[in-house]
Amino acid sequence: WGSFDTHGDQAAAMDPQITTLSRALAAFKNDLTARGIEQRVATVVFTEFGRRVGENGSIGTDHGAGGPCFVMGSAVRGGMAGNHPNVAALMNGNLGVTTDFRTVWQAVIGEWLGGDPTRVLPGAPFAGLSRPDGQTTLFK
C-alpha cells in the first residue's frame, strides 16, 4: 500500500494515503454495522513514530516524538483523549509527548478486553487518560 515514512513533499504523498485510510476505516465500520456486530469491535490506529514540527527544507518533516492515535467504535468515548501538545515549548524540535501510549493500551486491555494490564504492560498501572471532559476512560 505504500509508506507513511515520507520526508519530502508530504502533502502530495500523504494526502492520498490518509484519504485511503479514512475510506477503508469507514468501509470497515459500515460493514461491521451491516453485520450487526459494530458494538463488539474497537479499532485502534496509531503510528510507530511521530513527526517534528518544523519543515525540513524539502516540504516535509522528519521523525520526531508525539504522533496521532485514533480509536473508533460505538463503545469508544468520543472526543479528544489526552492533552494538546504545546507548540511553543518544543524539546529539540519535537512536540512534548502528552499521553504515554501505554495508557491507551492499558485502557484497551482493562476497559475493553476486561484483562489485567499489570500482567501485560511493564510498569502498569498508569494514570488514567487525561480528557478535556474530565473523564479518564477511553470507553463508555
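For the structure, see preceding data.
Everything in this summary refers to the structure shown in the same document.

What counts, and at which threshold
- Residues numbered from 1 in each chain as written.
- Predicted model: local features only at pLDDT ≥ 70, side-chain atom pairs only at ≥ 80, totals over all residues.
- Heavy atoms only, no water.
- Core = buried A, V, L, I, M, F, W, Y, C linked by side-chain atoms within 4.5 Å.
- Buried < 20%, exposed > 50% of the residue type's maximum accessible area, 1.4 Å probe, protein only.
- Contact = heavy atoms within 4.5 Å.
- Helix = DSSP H or I, 4+ residues; strand = E, 2+ residues; numbered from the N terminus.
- Expected span 1.5 Å × (residues − 1).
- Phe/Tyr/Trp six-rings, centres within 6.5 Å; stacked < 30°, edge-to-face > 60°.

### So, the nonpolar core
Right, so step 1: Grouped together as the largest cluster of nonpolar side chains are 8 residues: Ala-75, Val-76, Val-104, Ala-107, Val-108, Leu-129, Leu-138 and Phe-139.
Right, so step 2: Contacts of Leu-138, omitting those with residues within four sequence positions, involve Val-71, Val-76, Arg-77, Ala-81, Val-104, Ala-107, Val-108, Glu-111 and Leu-129.

### Overview of helix α1 (residues 10-34)
Right, so step 1: For α1, spanning 25 residues, the distance from its first C-alpha to its last is 35 Å, which sits close to the expected 36 Å at 1.5 Å a residue.
Right, so step 2: Those residues of α1 not exposed but buried are Gln-10, Met-14, Gln-17, Leu-25 and Leu-32.
Right, so step 3: Elements in contact with the buried residues of α1: β1 (43-46), β2 (50-51) and β4 (69-72).

### Some remarks on the packing of aromatic side chains
How two aromatic rings sit relative to each other is given by the distance of their centres and the angle of their planes.
Right, so step 1: One pass over the structure, following the stated rule, counts 2 aromatic pairs.
Right, so step 2: Ring geometry for Phe-46 versus Trp-105: centroids 5.5 Å apart, planes at 75°, classification edge-to-face. Taken as a pair, Phe-46 in strand β1 and Trp-105 in helix α2 (residues 101-112) lie far apart in primary sequence, 59 residues in all.
Right, so step 3: An angle of 25° between the planes, with centres 5.2 Å apart, marks the rings of Trp-112 and Phe-139 as stacked. Taken together, the residues Trp-112 in helix α2 and Phe-139 in the segment after α2 connect sequence positions 27 residues apart.

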